[in-house]
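An overview of the molecular structure
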Amino acid sequence: EEKYEKAVTNLTQLMEDCTQSIKHICLKIECQLNAFMFEEANQYSAQMMKKSDELSNNPRLLCWRGKALIYSGADVLGKKHLQQALNFDPDLKEC
């Protein structure tokens, strides 16, 4: 848990320079979930989804947004995001 919290801090600093990096956005959400920071992951993923159409239609981000929603208790909406991600990329292993 401590390692994941440190990773979240490091990724937050990195995101100041690479604001549109899907890889790092998803990694931050994953670390937040692994650190049991479910509400933070939910809020951050929602914030990233609102930034641009490119981000909101990215299957990896949709997948992690879905997982964050599920961990936050919004199972139906989370499942919807996961299905949408699979519609964009049926071979997405993370999903």
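A brief structural summary. (Residues numbered from 1 in each chain as written. Predicted model: local features only at pLDDT ≥ 70, side-chain atom pairs only at ≥ 80, totals over all residues. Heavy atoms only, no water.)

1. Digging into unusual backbone geometry
The condition is simple: Secondary structure is summarised from DSSP: a helix means a run of H or I of at least four residues, a strand means a run of E of at least two, and numbering begins at the N terminus for each. In this scheme, a residue with accessible area under 20% of its type's maximum is buried, one over 50% is exposed, and one in between is partly exposed, where area comes from a 1.4 Å probe on protein chains only.
If you check the backbone angles, phenylalanine 36 has positive phi at about 60 degrees while not being a glycine. Structurally, the position occupied by phenylalanine 36 is in the loop between helix 2 (22-34) and helix 3 (38-51). A relative accessible area of 56% places phenylalanine 36 in the exposed class.

2. Comments concerning the side chain of histidine 81
Note the threshold: By the convention used here, residues are in contact when the closest approach between their heavy atoms is within 4.5 Å.
By the element assignment, histidine 81 lies in helix 6 (residues 75-88). On the accessibility criterion, histidine 81 (12% relative accessible area) is buried. Contacts of histidine 81, omitting those with residues within four sequence positions, involve Met49, Leu62, Arg65, Gly66 and Leu69.

3. Points about helix 5 (residues 59-71)
Structurally, the α-helix is built with 3.6 residues per turn, so residues lying three or four positions apart point the same way. Basically, it comes down to this: A helix is expected to reach a length of 1.5 Å times the quantity of its residues less one. Identification of polar contacts relies on pairs of N or O atoms within 3.5 Å, with a donor-acceptor requirement for protein atoms, meaning one able to donate a hydrogen and the other able to accept it, and with residues adjacent in sequence counted only if both atoms are side-chain atoms.
The terminal C-alpha atoms of helix 5, which comprises 13 residues, lie 18 Å apart, in line with the 18 Å expected from a rise of 1.5 Å per residue. The set of residues buried in helix 5 consists of Pro59, Leu61, Leu62, Cys63, Trp64, Arg65, Gly66, Ala68 and Leu69. Buried residues along helix 5 sit against helix 2, helix 3, helix 4 (53-56) and helix 6. A side-chain oxygen of the first residue of helix 5 lies 2.9 Å from the backbone nitrogen of arginine 60; this N-cap is asparagine 58. The first or second residue beyond helix 5 is glycine 73, which carries a positive phi of 100 degrees.

4. Focus: the nonpolar core
Operational definition: Residues belong to a common nonpolar core when they are buried Ala, Val, Leu, Ile, Met, Phe, Trp, Tyr or Cys residues joined through side-chain atoms within 4.5 Å.
The biggest cluster of nonpolar side chains holds 19 residues, and the ones touching the most others in it are Ile25, Ile29, Leu33, Tyr44 and Leu61. Mapped by element, the contributors of at least two residues to this core are helix 2, helix 3, helix 5 and helix 6. Ignoring any residue separated from it by four or fewer positions in sequence, one finds tyrosine 44 in contact with Met15, Ile25, Lys28, Ile29 and Gln32.

5. Here's the deal with the pattern of salt bridges
Using the following cut-off: Definition used for salt bridges: Asp or Glu carboxyl oxygen within 4 Å of a side-chain nitrogen of Lys or Arg.
Taken as a whole, this structure holds 1 salt bridge when the rule is applied. Across the pair arginine 60 and glutamate 94 runs a salt bridge whose closest N-O atoms are separated by 3.0 Å. In this pair, arginine 60 sits in helix 5 while glutamate 94 sits in the segment after helix 6, placing the two residues 34 residues apart along the sequence. What makes glutamate 94 partly exposed here is its relative accessible area of 26%.

6. Thoughts on the packing of aromatic side chains
Selection criterion: Pairing of aromatic rings covers Phe, Tyr and Trp, the last through its six-membered ring, and needs centres within 6.5 Å; plane angles under 30 degrees mean stacked, over 60 mean edge-to-face, and all others mean tilted. Look at NZ for Lys and CZ for Arg. If either is within 6 Å of the ring centre and within 35 degrees of the ring normal, a charge sits over the ring.
In total, this model carries 2 aromatic pairs according to the counting rule given. With a centroid separation of 6.0 Å and 85 degrees between ring planes, the pair formed by phenylalanine 36 and phenylalanine 38 is classed as edge-to-face. Measuring from centroid to centroid gives 5.1 Å for phenylalanine 38 and tyrosine 71, while their planes differ by 5 degrees, and the two rings are stacked. Placement of phenylalanine 38 in helix 3 and of tyrosine 71 in helix 5 is noted, with a sequence separation of 33 residues between them. The positively charged end of lysine 28 is found above the aromatic ring belonging to tyrosine 44, 4.2 Å away from the centroid. Between the NZ or CZ atom of lysine 67 and the centre of the ring of tryptophan 64, over which it lies, the distance is 4.0 Å.

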